[in-house]
Amino acid sequence: MIDQRLAPYGVFALRAALGIMFIAHAYLKYGVFTVAGFENFLGSVGLPALFAWPIILAEAAGGIALLVGFHSRLVSVLLLPVLLGALAIHAPNGWVFNAPNGGWEYPAFLAITALAQAFAGDGAFAMKRTAVPALGTGKPAIRMA
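So, here is what we can say about the structure in this document. Since this is a predicted model, take the numbers as computed values, not measurements.

1. Looking at the nonpolar core
Judged by nonpolar contacts, Leu18, Met21, Phe22, Ala65, Leu66, Val75, Leu79, Leu80, Leu83, Leu110, Ala111 and Ala114 together constitute the single largest core of 12 residues. Elements supplying a minimum of two residues to this core: helix H1 (7-32), helix H3 (52-68), helix H4 (72-90) and helix H5 (105-120). Here this core gets 4 residues from one element, more than from any other, and that element is H4. The residues touching Leu79, leaving out its near neighbours within four places in the chain, are Phe22, Ala58, Glu59, Gly62 and Leu66. By size, the runner-up hydrophobic cluster in this structure holds 8 residues, among which are Phe38, Leu42, Ile55 and Val82.

Here it is as structure tokens:
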């Protein structure tokens, strides 16, 4: 049973945590590893270095959008390729994220979290809600929050 009164706040908590995580990871790549360091990492795993800035900007802008609730459902879906890319990079390292070069459970958890955010909606305190049709009807969905 979903508590209709409190569910929007739970969805907000999910959205805020996911947004903060994306902002933190964008900062980690920019301020700690540096863009050049991240470019080198991407090259070491066989990806073009030119992906560095788009990934950093997607994480920063997407994180801010999630945090303030700006089209959260859409942003969550648009960030899935970043998370699935991280999952693919970390998959060979094993399950636990403290394994050498990081395991795959954290990127997998974040991808599922982003998917849950897209399914759950924008939650409370959303700046701009994402309008989605009710499944199979083409008619606007009823919004819980």
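2. What to know about the packing of aromatic side chains
Summed over the entire model, instances satisfying the criterion amount to 5 aromatic pairs. Relative to Trp104, the ring of Trp95 has its centre 4.7 Å away and its plane inclined at 75 degrees; by these criteria the two rings are edge-to-face. Counting every residue linked through ring pairs, the aromatic cluster contains Tyr9, Phe12 and Phe125.

3. Digging into the environment of Pro8
Here Pro8 lies in helix H1. For Pro8, a relative accessible area of 9% puts it in the buried group. With 116 residues separating them in the primary sequence, Pro8 and Ala124 have C-alpha atoms 4.9 Å apart.

4. Topic: the packing of H4 against H5
As a packed pair, H4 and H5 sit with axes 8 Å apart at the nearest point and diverge in direction by 165 degrees. On the basis of their axis angle, the class for H4 and H5 is roughly antiparallel. Crossing hand, H4 versus H5: left-handed. Contacts between H4 and H5 involve Ser72, Arg73, Ser76, Val77, Leu80, Leu83, Leu84, Ala86, Leu87 and His90 from the first element and Pro107, Ala108, Leu110, Ala111, Ala114, Leu115, Gln117, Ala118, Phe119 and Ala120 from the second. A per-class count over the contact of H4 with H5 returns 15 nonpolar, 4 polar and 1 charged.

5. A short note on the environment of Pro92
Summarising the element assignment, Pro92 is placed in the loop between H4 and H5. Residue classification places Pro92 among the exposed residues on the basis of a relative accessible area of 68%. Sequence separation of Pro92 and Lys128 is 36 residues, and the distance between their C-alpha atoms is 39 Å.

What counts as what
Residues numbered from 1 in each chain as written. Predicted model: local features only at pLDDT ≥ 70, side-chain atom pairs only at ≥ 80, totals over all residues. Heavy atoms only, no water. Core = buried A, V, L, I, M, F, W, Y, C linked by side-chain atoms within 4.5 Å. Buried < 20%, exposed > 50% of the residue type's maximum accessible area, 1.4 Å probe, protein only. Helix = DSSP H or I, 4+ residues; strand = E, 2+ residues; numbered from the N terminus. Contact = heavy atoms within 4.5 Å. Phe/Tyr/Trp six-rings, centres within 6.5 Å; stacked < 30°, edge-to-face > 60°. Axes fitted to C-alpha atoms, helices over the stretch in contact; angles between N-to-C directions. Parallel < 35°, antiparallel > 145°, perpendicular 65-115°, else oblique. Left-handed = near helix turned anticlockwise from the far one by under 90°. Nonpolar A, V, L, I, M, F, W, Y, C, P; charged D, E, K, R; others polar.

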